[in-house]
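Architecture at a glance
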Amino acid sequence: MASAEPLPSSLSVSPHLQLKAQLFPAEPIPFQAGIYLGIPELGKLLLMDSSDLVQSALNARTQAYAPYSRFQVGAALLTKSGAIVPGANLENASYGLTICAERAAVGNAIVAGHRDFLAIAVASETGVTPCGACRQVLHEFAPNLTVYCADTRGSVIKTSLERLLPDSFGARDLEG
Ligand SMILES: [Zn+2]
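Described below are features of the structure shown in this document. (Residues numbered from 1 in each chain as written. Predicted model: local features only at pLDDT ≥ 70, side-chain atom pairs only at ≥ 80, totals over all residues.)

**Digging into the environment of leucine 53**
- With respect to the element layout, leucine 53 can be found in helix 1 (residues 50-61).
- As a C-alpha pair, leucine 53 and valine 122 span 69 residues in sequence and 9.1 Å in three-dimensional space.
- Aside from chain neighbours lying at most four places away, what touches leucine 53 is Ala76, Leu78, Ile84, Ala119, Ala121 and Tyr148. (Helix = DSSP H or I, 4+ residues; strand = E, 2+ residues; numbered from the N terminus. Contact = placed C-beta atoms within 7 Å.)

**Structural notes on the packing of helix 2 (residues 101-111) against helix 3 (residues 132-141)**
- Their axes nearest at 9 Å, the elements helix 2 and helix 3 cross at an angle of 25°. Taken together, helix 2 and helix 3 sit at an angle that is classed as roughly parallel. Seen along the crossing, helix 2 lies across helix 3 with a hand that is left-handed. Across from Glu102, Arg103 and Val106 in helix 2, the residues of helix 3 making contact are Cys134, Val137, Leu138 and Phe141.
- Class assignment of the residues belonging to the contact of helix 2 with helix 3 gives a composition of 5 nonpolar, no polar and 2 charged. (Axes fitted to C-alpha atoms, helices over the stretch in contact; angles between N-to-C directions. Parallel < 35°, antiparallel > 145°, perpendicular 65-115°, else oblique. Left-handed = near helix turned anticlockwise from the far one by under 90°. Nonpolar A, V, L, I, M, F, W, Y, C, P; charged D, E, K, R; others polar.)

**Looking at the sheet that holds strand 7 (residues 117-124)**
- Pairing within the open sheet is mixed, and its 5 strands lie in the order 6-5-7-8-9. Strands with a single pairing partner mark the edges of an open sheet, and in this sheet they are strand 6 (84-88) and strand 9 (156-160). On average, each strand axis in the sheet is tilted by 20° relative to the strand beside it, whichever way the strands run.
- Strand direction decides the pairing type here: strand 8 (residues 146-150) and strand 9, joined by 5 bridges, are antiparallel. Residue pairing in the sheet places threonine 146 in a bridge with serine 160 of strand 9. (Pairing = 2+ DSSP bridges.)

Next up, the structure:
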């Protein structure tokens, strides 16, 4: 470490919210308590409370356009660089054109220049997991993604894309 310069207690990494950060803790913290981030620009290892990601998904859910199903879903993708990118479901009168929150978040992230993802939080009234289409789209960029599924009563489950999409199909399967 270059100097004893203190790391700010709060580091702004996203226009959408503040990322709580601290030096890699001397005291062990249960893995479930947070997500470890390598921030190359700082040369330090940061810890983000996973509840920040979940809260971002809950916030995104309030922006959902779901007049037909009335099932609002929000998502928040955590990028390797520490940014959090939101998405919400977007329905259409032609039902088949509906876009899920997870895929909306992926689209938002890609167009903003992010392609490496560590985790996604998905927020809905009942805490659903991503649908099959979204699992496949997430796998394209992040086969090892951590997935948090939150309901609106405060329950969160933590799982992984590996568990949600076993025996997956990906780019490697197109290689001869
Ligand atoms: Zn979906």
